[in-house]
Amino acid sequence: TRYFVDHRKVRFIGGRGGAGGHSFYSEPRKIFGGPDGGNGGDGGHVILKADQQMKSLSSVLPFYQGFHGERGGRKNCYGSNGACVYVKVPVGTLVKEDGEVVADLTQHGEEYVAAYGGAGGKGNRFFLSNENRAPTLFTPGEPGQERVLHLELKTTAHAGLVGFPNAGKSSLLRAISRAKPAVAAYPFTTLNPHVGVVHYQDYEQVAVADIPGLIKGAHQNRGLGMAFLRHIERCRFLLYVVDLSVSQPWIQLQDLKYELEQYKTGLSERPCVVIGNKIDLAQSRINLPLLKEQIDERVIALSALTGDNLEELFLHLRELYDAYVKTEESRGQSPVKW
């Protein structure tokens, strides 16, 4: 089983440059032909490349090194450069060095040089001068750049399921997509984000992320804390999942918005819909009209367990997606496609 991985610590080393050549030209009747050692080739870079086919950092290894440049040859032949090593990472990968963001790969095909290769050495032909007609000096190639970088993935799903543990987010994702997050009859919370894709008849695909459950104080890194909130940051619209069977379910919504706003200003104001889950329970049907009185947002009451009223969610999810696509195109930007 290949698990979802959203952070990696990776060591990158660029390829070493090839040494310069050391030789003198010689052929019959031309014994003192002079120096003809060529320069060495440059070492290859290690390059991070964003690829929308990649959805996790699970395939990224802990160490990468570029190919070395070749040594300079006779007859002023230069050594060939070392090939670059490309490391494919998902779109939405943050690259950090010593806690500071050095790159944010948000577009398909975007590249970042993680480690530069070393320059090739000079052959003895390079040091030929009027004062030194037979130089024996040549230089070795320089070592490649060495860096330790932290790769951090912020899920680039269209919609994010936001809710407290046991609100039914994983069950809802299983009901609307083919994703299979763990669901059980006892209280627990999802530890890793799961992304499910909702398919429509016109072949549009809307990605919905089941984010690890939020608790009070998450913006202070309590519980899963930042591991939860960094994935919400990239979602274009939010689906607040509220357990209708508990008393005063609108308090859950207030707490969720407070945590999002404390983490990043304006995050709670993104386009959203409130999903009242567990409508199949008697207490939920009593709380539903009370919830609608307390909040201004649209409420979709459904049951992820029995599948009641999922059609309304599908239709409204498509409305939110179409509005997002129209907004991005009006700005001259290309919307994220799955």
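Rules behind the numbers
- Residues numbered from 1 in each chain as written.
- Predicted model: local features only at pLDDT ≥ 70, side-chain atom pairs only at ≥ 80, totals over all residues.
- Heavy atoms only, no water.
- UniProt positions renumbered as here; feature names shortened; annotations may be inferred.
- Core = buried A, V, L, I, M, F, W, Y, C linked by side-chain atoms within 4.5 Å.
- Buried < 20%, exposed > 50% of the residue type's maximum accessible area, 1.4 Å probe, protein only.
- Helix = DSSP H or I, 4+ residues; strand = E, 2+ residues; numbered from the N terminus.
- Contact = heavy atoms within 4.5 Å.
- Pairing = 2+ DSSP bridges.
- Axes fitted to C-alpha atoms, helices over the stretch in contact; angles between N-to-C directions.
- Salt bridge = Lys/Arg side-chain N within 4 Å of Asp/Glu carboxyl O.

- Taking an unreviewed UniProt entry as the reference, the protein chain is identified by name as Mitochondrial ribosome-associated GTPase 2 belonging to Geococcyx californianus.
- Its UniProt record gives the protein chain a comment under Sequence similarities (unreviewed entry), which states: "Belongs to the TRAFAC class OBG-HflX-like GTPase superfamily. OBG GTPase family."
- What the UniProt record of the protein chain gives under Subunit (unreviewed entry) is the line "Associates with the mitochondrial ribosome large subunit; the association occurs in a GTP-dependent manner."

**Quick notes on the nonpolar core**
- Judged by nonpolar contacts, the single largest core of 26 residues is most densely connected at V162, I232, L238, Y240, L260, V274 and I295.
- Counting only elements with at least two residues in this core, the list comes to β11 (205-210), α2 (226-232), β12 (237-243), α3 (250-263), β13 (272-277), α4 (282-294) and β14 (299-301).
- If near-sequence neighbours (up to four positions away) are discounted, L238 is found in contact with G160, V162, I232, L260, L267, P271, C272 and V273.
- Counting residues in each nonpolar core, the second largest holds 25 residues, with L172, L173, A304 and L310 among its members.

**A short note on the sheet that holds strand β6 (residues 100-105)**
- Strand order in the open sheet made by the 5 strands is β3-β1-β8-β5-β6, with mixed pairing throughout. Of all the strands in the sheet, the pair left with one neighbour each is β3 (63-65) and β6. Neighbour-to-neighbour, the strand axes of this sheet turn through a mean angle of 30 degrees, independent of strand direction.

**Details of the sheet that holds strand β4 (residues 85-90)**
- Strands sit in the order β4-β2-β7 across an open sheet of 3 strands; the sheet is mixed. Of all strands in the sheet, those with a lone pairing partner are β4 and β7 (111-115), marking the two edges. If you compare each strand with its neighbour and ignore which way they point, the axes differ by 30 degrees on average.
- In terms of strand pairing, strand β2 (residues 46-51) meets β7 through 4 bridges, oriented antiparallel. The partner of V46 across the bridge, within β7, is A115.

**Observations concerning the environment of K75**
- Tracing the backbone through its elements, the reader meets K75 in the loop between β3 and β4.
- Judged by its relative accessible area of 62%, K75 is exposed.
- Sequence-wise, K75 and S23 are 52 residues apart; in three dimensions their C-alpha atoms are separated by 8.2 Å.

**Some remarks on the pattern of salt bridges**
- Tallied over the full model, the rule gives 11 salt bridges.
- K49 is the partner of E111 in a salt bridge, and the nearest nitrogen-oxygen pair spans 4.0 Å. Placement of the pair is E111 in strand β7 and K49 in strand β2, with a sequence separation of 62 residues.
- Assessed through its relative accessible area of 32%, K49 is described here as partly exposed.
- D322 is paired through a salt bridge with R318; the nearest N and O atoms lie 2.9 Å apart. One end of the pair, D322, and the other, R318, are both in helix α5 (residues 310-330), 4 residues apart, so they sit about a helical turn from each other.
- The exposure class assigned to D322 is partly exposed, which follows from its relative accessible area of 34%.
- You can call R318 buried: its relative accessible area is 16%.

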